[in-house]
Amino acid sequence: MDLRIFTEPQQGATYDTLLTVAKATEDLGFDAFFRSDHYLHMGDVTGLPGPTDAWITLAGLARETKRIRLGTLMTAGTFRLPGVLAIQVAQVDQMSGGRIELGLGAGWYEDEHKAYGIPFPKEKLARLEEQLEIVTGMWATEVGKTFSHHGTYYDLTDSPALPKPAQRKVPVLIGGTGARRTPRLAARYADEFNAPFISVEDSKALFERVGAAAVEAGRAADDLTYSNALVVCVGRDDAEVARRAERIGREVDELKLNGLAGSPAEVVEKIGRYAEAGSRRVYLQLLDLEDLDHLELIASQVQTQLG
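Residues numbered from 1 in each chain as written. Predicted model: local features only at pLDDT ≥ 70, side-chain atom pairs only at ≥ 80, totals over all residues. Heavy atoms only, no water.

A. Just the overall build of the chain, in detail. Scanning the chain for helices and strands turns up eleven helices and twelve strands. In terms of overall dimensions, the chain is globule-like: its C-alpha atoms have a radius of gyration of 19 Å, near the 19 Å expected for 307 residues. Along the first, second and third principal axes, the C-alpha atoms of the chain reach 60 × 45 × 35 Å. Across the chain, every contact between residues at least 6 apart in sequence was considered, and the portion connecting residues at least 24 apart equals 73%. (Helix = DSSP H or I, 4+ residues; strand = E, 2+ residues; numbered from the N terminus. Rg over C-alpha atoms; globule rule 2.2 N^0.38 Å. Contact = heavy atoms within 4.5 Å.)

Written as structure tokens, this is what we have:
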């Protein structure tokens, strides 16, 4: 079971804070550092000092880390034109020496679009399908040949489809809980399917739907890596768990029900149940980015028990 650290910088974080967490992620032996792609905070926080851009952040981290994988859960398809996104991701992949992964989603948070003057189209999933076709198609185009796409939402003619990523293929992540369209998109384009913030039972059913869609599309169900994103709140004792829950404005019982919370043993046991449901990777949503002791505890007493 891979453990990856997943951050939500729109809630309030500087680049320096993210760099500190990313370096700790690397030093403590975690597999990857991921971040959300949002420009507006959520819930009862100020968001100060303000948002950081996902791909600018990852470009910086690409130069200041050596081993960990880096990526997004999820890049909002509404924020960037697909041709430009293909260039950005390829360049950051080169900067990292081939450690980038692209999580790409349709975009959903209407308020942040209003706040920053970003169009919020109605047909987001249909646009996402074209975006996936364009980004992956540009990367797959042989050097010296051109890429064209004439779709409903995007029109590209004779693109040189450059630059190319450092990796032969940048892993593409698709996630969500949709019953039909999301599994179909994952079956066609994804290397990994991510189930965000859902139960063990719902994860199992969702993974089975995606696997069936993969088979229908001519792939093996296990061609994809199946993963979960879950909030994490671990403590050496009940008091420490309660303190960490309070710091992020959550209740312990709710966190235990909907995430990974409690003692290291409790969290290991619950991750094991997700593994039985088919998950091979967990993105630990770390909401208090100042609490590096939390990371150290997870590394020493949770990660070491997962093999």
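B. Just the packing of aromatic side chains, in detail. Counted by the stated rule, this structure contains five aromatic pairs. Look at Tyr39 and Phe79: their rings are 4.7 Å apart centre to centre, the planes differ by 25°, and that puts the pair in the stacked class. On the criterion of sequence distance, the pair formed by Tyr39 in the loop between strand S2 (32-35) and helix H2 (54-64) and Phe79 in the loop between strand S4 (75-76) and helix H3 (82-96) is long-range, its members being 40 residues apart. This pair shows no difference in class: Tyr39 is buried, exactly as Phe79 is. Relative to Tyr116, the ring of Tyr39 lies with its centre 6.0 Å away and its plane at 55°, an arrangement referred to as tilted. Residue Tyr39 is found in the loop between S2 and H2, and its partner Tyr116 is found in helix H4 (residues 110-116); the two are separated by 77 residues along the sequence. Ring-pair connections join several aromatic residues into one group, and the members of that group are Tyr39, Phe79 and Tyr116. Taking NZ or CZ as reference, Lys124 lies 4.2 Å from the ring centre of Phe120, over its face. (Phe/Tyr/Trp six-rings, centres within 6.5 Å; stacked < 30°, edge-to-face > 60°. Buried < 20%, exposed > 50% of the residue type's maximum accessible area, 1.4 Å probe, protein only. Lys NZ or Arg CZ within 6 Å of the ring centre and 35° of its normal.)

C. Broad picture of the environment of Phe33. By secondary structure assignment, the location of Phe33 is in strand S2. Here the alpha-carbon distance between Phe33 and Leu61, two residues 28 residues apart in the chain, equals 9.4 Å. Those residues in contact with Phe33, other than ones at most four positions away along the chain, are Ile5, Thr7, Leu18, Val21, Ala22, Thr25, Leu61, Ile68, Arg69, Leu70 and Gly71.

D. Examining the side chain of Ser227 more closely. Tracing the backbone shows Ser227 in strand S10 (residues 225-234). Given the relative accessible area of 0%, Ser227 is considered buried. Separated by 2.9 Å, the side chains of Ser227 and Asn194 make a polar contact. When near neighbours in sequence (up to four residues on either side) are disregarded, Ser227 contacts Glu192, Phe193, Asn194, Ala195, Phe207, Ser279, Arg281 and Tyr283. (Polar contact = N/O pair within 3.5 Å; in protein donor to acceptor, adjacent residues only side chain to side chain.)

E. Quick peek at helix H10 (residues 264-276). For H10, with 13 residues, the first-to-last C-alpha span of 18 Å sits near the 18 Å given by 1.5 Å per residue. Turning to H10, its buried residues number three or more, namely Pro264, Val267, Val268, Lys270, Ile271 and Tyr274. End-on view of H10: buried residues confined to an arc of 165°, all on one side of the axis. Seen from the buried face of H10, the exposed residues on the opposite side, beyond 90 degrees, are Ala265 and Glu276. Gly278 occupies a position one or two residues after H10 and carries a positive phi of about 115°. (Expected span 1.5 Å × (residues − 1). Arc of directions from axis to C-beta.)

F. Quick look at the nonpolar core. Ranked by size, the top nonpolar core spans 75 residues in total, and within it Leu3, Trp55, Trp139 and Val302 carry the most contacts. Not counting residues within four places of it along the chain, the set of residues in contact with Val302 comprises Leu3, Val234, Pro264, Val267, Val268, Ile271 and Leu297. Phe34, Leu73, Ala229 and Tyr283 belong to the second-largest nonpolar core, a separate cluster that totals seven residues. (Core = buried A, V, L, I, M, F, W, Y, C linked by side-chain atoms within 4.5 Å.)

What is shown is where atoms sit, not what they do.
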